[in-house]
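Examining the three-dimensional arrangement
Residue-level listing of the chains:
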Amino acid sequence: MANKRSLKQTINLICEELFSECVAASLYSTNRDGGRALLFSVVKMQDDFIRRVSHPEPGMPAKKYFKQLRNDFVVQVDHIIDHINNLA
């Protein structure tokens, strides 16, 4: 497991890239409200996962917790990427 700082940096980097892709897709899309909602969901996802890194669930082994965190993050990112593709 990487340390918490590098995990947070990775989450921030991926979310920044997703945010910029959302902005680009919303500029070329006719659905402005969908773009705004997608931007909000990226920011909310980033905040949620940064908080989850900072405050792990008590009573759960760290290795298992962070593995589940990474899997949840990948699922969320894939979900947002699908929405970006449908927006454009």
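Please read all numbers here as calculations on a predicted model, not as lab measurements.

1. A closer look at the overall build of the chain
A tally of helices and strands in the chain yields 3 helices and 0 strands. Secondary structure of the chain in N-to-C order comes out as α-α-α. Viewed in the frame of its principal axes, the chain has a C-alpha envelope of about 45 × 20 × 15 Å. In the chain, which comprises 88 residues, the share counted as buried stands at 27%. Excluding contacts between residues fewer than 6 apart, the proportion of contacts in the chain whose partners are at least 24 apart in sequence is 74%. As displayed, the chain offers around 6200 Å² of accessible surface, 55% of which is attributable to carbon and sulfur atoms. Both charge centroids of the chain, one from 12 positive and one from 10 negative side chains, sit 9 Å from each other.

2. Describing the side chain of Ser-29
Looking at the element boundaries, Ser-29 is found in the loop between helix H1 (4-27) and helix H2 (32-54). Within the structure, Ser-29 has its side chain in polar contact with the backbone oxygen of Leu-87 (distance 3.1 Å).

3. Some details on the pattern of salt bridges
Applying the stated rule across the entire model yields 3 salt bridges. A salt bridge links Arg-36 to Asp-33, with the nearest nitrogen and oxygen atoms 3.4 Å apart. Here Arg-36 and its partner Asp-33 are both found in helix H2, 3 residues apart, which amounts to about one turn of the helix. Neither residue differs from the other here; Arg-36 and Asp-33 are each classed as exposed. The closest approach of N and O atoms between Arg-51 and Asp-47, which form a salt bridge, is 3.2 Å. Note that Arg-51 and Asp-47 are positioned in helix H2 at a spacing of 4 residues, about one turn of the helix. On the basis of relative accessible area, Asp-47 is assigned to the partly exposed category, the value being 39%.

4. Focus on the environment of Leu-39
As for its placement among the helices and strands, Leu-39 is situated in helix H2. A relative accessible area of 17% places Leu-39 in the buried class. Sequence separation between Leu-39 and Ile-50 is 11 residues, and the spatial gap between their C-alpha atoms is 17 Å. Leave out the neighbours within four places in its chain, and Leu-39 touches Phe-19, Cys-22 and Val-23.

Conventions and cut-offs
Residues numbered from 1 in each chain as written. Predicted model: local features only at pLDDT ≥ 70, side-chain atom pairs only at ≥ 80, totals over all residues. Heavy atoms only, no water. Helix = DSSP H or I, 4+ residues; strand = E, 2+ residues; numbered from the N terminus. Buried < 20%, exposed > 50% of the residue type's maximum accessible area, 1.4 Å probe, protein only. Contact = heavy atoms within 4.5 Å. Areas by Shrake-Rupley, 256 points an atom, 1.4 Å probe, with all protein chains shown as cover. Lys, Arg positive; Asp, Glu negative; His and termini not counted. Charge placed at Lys NZ, Arg CZ, Asp CG, Glu CD. Polar contact = N/O pair within 3.5 Å; in protein donor to acceptor, adjacent residues only side chain to side chain. Salt bridge = Lys/Arg side-chain N within 4 Å of Asp/Glu carboxyl O.

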